[in-house]
Amino acid sequence: MATVTLEVSGGVGTIRLDRPPMNALDTDVQDRIRDLAHEAGERADVRAVILYGGDKVFAAGADIKEMRAMDHAAMVVRSRALQESFTAVAKIPKPVVAAVTGYALGGGCELALCADYRIAADNAKLGQPEILLGLIPGAGGTQRLARLIGPSRAKDLIFTGRQVRADEALALGLVDRVVPAGSVYPEAQQWAERLAKGPAIALRAAKEVVDAGLETDLGSGLALERTWFAGLFATEDRERGMRSFVEEGPGKAQFL
């Protein structure tokens, strides 16, 4: 039985974690996430992506029993594969939304950080509890969390290992919306379906420029923006969007 699946409907691909009861992120799950992230990025029928762990839990973290059996030499090798799996999600060249239900802890929180947008259930709990194991986050948490909510807030969560409820996560900027538990996936689906109808190349450009710009200086970021902005004038979507604006008014363009 697959521990992670990719289900595609109406231009939206759902990467679904399915390892009951807590979606623990063992090496098999990590490798499946990587493979399906690559597949979602390459498939033409996938124009937006949802990360989802089911209606009870997003992912409660790494498989501690599996990790405990690893020595230093084994983790030197595995830690690279772990990061590469999550980076594959972050680099999907399409809009990605995390639908967070229940626990999103440790690797689960780090997986949600790889999304462009996060919708959480009102009963969700998020955090980076690795310090309680004598560790630090190893799947991008020290880097993506600090970039998302700022270094001091990230250090608070990482240093203490405490869990935050959905309302505090929203206030911190760790999630972008909080909705009733039963509405998480439908809301994520609505977000993804809307963007799946948008101009694919422009959305890809927007994601790449924002993400790459965060890793460089302002001048280099502006140069990348300028290059993509001019390049989009060669696309059919640009012609379609501008023609619709002139002839029908804003927001009515239909993109392929």
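What counts, and at which threshold
- Residues numbered from 1 in each chain as written.
- Predicted model: local features only at pLDDT ≥ 70, side-chain atom pairs only at ≥ 80, totals over all residues.
- Heavy atoms only, no water.
- Helix = DSSP H or I, 4+ residues; strand = E, 2+ residues; numbered from the N terminus.
- Rg over C-alpha atoms; globule rule 2.2 N^0.38 Å.
- Buried < 20%, exposed > 50% of the residue type's maximum accessible area, 1.4 Å probe, protein only.
- Contact = heavy atoms within 4.5 Å.
- Lys, Arg positive; Asp, Glu negative; His and termini not counted.
- Charge placed at Lys NZ, Arg CZ, Asp CG, Glu CD.
- Salt bridge = Lys/Arg side-chain N within 4 Å of Asp/Glu carboxyl O.
- Core = buried A, V, L, I, M, F, W, Y, C linked by side-chain atoms within 4.5 Å.
- Pairing = 2+ DSSP bridges.
- Axes fitted to C-alpha atoms, helices over the stretch in contact; angles between N-to-C directions.
- Expected span 1.5 Å × (residues − 1).
- Polar contact = N/O pair within 3.5 Å; in protein donor to acceptor, adjacent residues only side chain to side chain.
- Parallel < 35°, antiparallel > 145°, perpendicular 65-115°, else oblique.
- Nonpolar A, V, L, I, M, F, W, Y, C, P; charged D, E, K, R; others polar.
- Arc of directions from axis to C-beta.

*Asks:* How should the overall build of the protein be read in this particular structure?
*Replies:* Within the protein, the regular secondary structure consists of 11 helices and nine strands. For 256 residues, the compact-globule estimate of 2.2 N^0.38 gives 18 Å, and the C-alpha radius of gyration of the protein, at 19 Å, lies within 12% of that figure. A burial count over the protein gives 42% of its 256 residues as buried. For the protein, restricting intrachain contacts to residue pairs at least 6 apart in sequence, the fraction spanning at least 24 positions comes to 68%. Here the protein carries 31 positive and 34 negative side-chain charges, and the mean point of each set is 2 Å from the other.

*Asks:* Help me understand the pattern of salt bridges, please; the structure alone is not making it clear to me.
*Replies:* Charged atoms that come close allow side chains of opposite charge to pair. Overall, the coordinates contain 14 salt bridges when judged by the stated rule. The partner of Asp63 in a salt bridge is Arg19, and the shortest N-O contact between them spans 3.1 Å. With a gap of 44 residues between them, Asp63 in the loop between β3 (48–52) and α2 (64–68) and Arg19 in the loop between β2 (12–17) and α1 (27–42) connect regions that are remote in the sequence. Residue classification places Asp63 among the buried positions, given a relative accessible area of 14%. Residue class for Arg19 comes out partly exposed when judged on its relative accessible area of 23%. A salt bridge links Lys207 to Asp116; the shortest N-O distance between them is 3.0 Å.

*Asks:* Would you take a moment to explain the nonpolar core for this structure?
*Replies:* Burial of nonpolar side chains together is a common tendency in soluble globular proteins. Counting residues in each nonpolar core, the largest one holds 59 residues, and the members touching the most others are Leu51, Phe58, Val100, Leu126 and Leu174. When residues no more than four places from it in sequence are discounted, the contact partners of Leu126 are Val100, Ala104, Leu105, Cys109, Arg162, Gln163, Val164, Ala169, Leu174 and Val175.

*Asks:* Please explain the sheet that holds strand β5 (residues 103–105) as it appears in this structure.
*Replies:* Sheets are built from strands that pair by backbone hydrogen bonding, the pairs being arranged parallel or antiparallel. The strand order β5-β7-β8 describes an open sheet built from three strands, whose pairing is mixed. This sheet does not close on itself; its edge strands, each paired only once, are β5 and β8 (163–165). Each neighbouring strand pair of the sheet contributes to a mean axis angle of 20°, computed without reference to strand direction. With three bridges joining them, strand β7 (residues 125–127) and β8 adopt antiparallel strand pairing. Opposite Gly127, over in β8, you have Gln163 as the bridge partner.

*Asks:* Please clarify how helix α10 (residues 218–231) should be interpreted in this entry.
*Replies:* The α-helix winds at 3.6 residues per turn, so residues separated by three or four positions along the chain end up facing the same way. With 14 residues, α10 extends 20 Å between its outermost C-alpha atoms, agreeing within 8% with the 20 Å of an ideal straight helix rising 1.5 Å per residue. Its side-chain oxygen at 3.1 Å from the backbone nitrogen of Gly219, Asp217 defines the N-terminal cap of α10.

*Asks:* So what exactly am I meant to see when it comes to the pairing of strand β6 (residues 117–121) here?
*Replies:* Within a regular strand, the side chains alternate between the two sheet faces. Summarising burial for β6: four of the five residues are buried, a large majority. As paired elements, strand β4 (residues 96–100) and β6 share four bridges and run parallel to each other. Bridge pairing links Val100 to Ala120 in β6. Bridge count between β6 and strand β9 (residues 177–179): three bridges; the pairing is parallel. The residue bridging Ala120 from the neighbouring strand is Val178, located in β9.

*Asks:* What's the story with the sheet that holds β6 in this structure? I'm lost.
*Replies:* Read from one edge to the other, the open sheet built from six strands follows the order β1-β2-β3-β4-β6-β9, with strand pairing classed as mixed. Bordering the open sheet on either side are β1 (4–9) and β9, each of which pairs with just one other strand. Averaged over all pairs of adjacent strands, the angle between their axes in this sheet comes to 20°, without regard to strand direction. Both β2 and β3 contribute to a ladder of five bridges, which runs parallel. The partner of Gly13 across the bridge, within β3, is Val49.

*Asks:* Would you explain the packing of helix α9 (residues 200–213) against α10 in this entry?
*Replies:* Closest axis-to-axis distance for the α9/α10 pair is 9 Å, and the angle between their directions is 170°. When the axes of α9 and α10 are compared, the pair comes out roughly antiparallel. Every residue of α10 that contacts α9 at Ile201, Ala205, Glu208, Val209, Ala212 and Gly213 is listed here: Gly221, Leu224, Glu225 and Trp228. Of the residues assigned to the contact of α9 with α10, the class counts are six nonpolar, two polar and two charged.

*Asks:* Quick question: what am I supposed to make of α1 here?
*Replies:* For α1, with 16 residues, the first-to-last C-alpha span of 23 Å sits near the 22 Å given by 1.5 Å per residue. The set of residues buried in α1 consists of Val29, Gln30, Ile33, Leu36, Ala37, Ala40 and Gly41. Viewed end-on, α1 has its buried residues packed into an arc of 135°, placing them on one side of the element. Looking at the packing, one finds that the buried side of α1 touches β1, β2, β3, α3 (72–90) and α4 (107–113).

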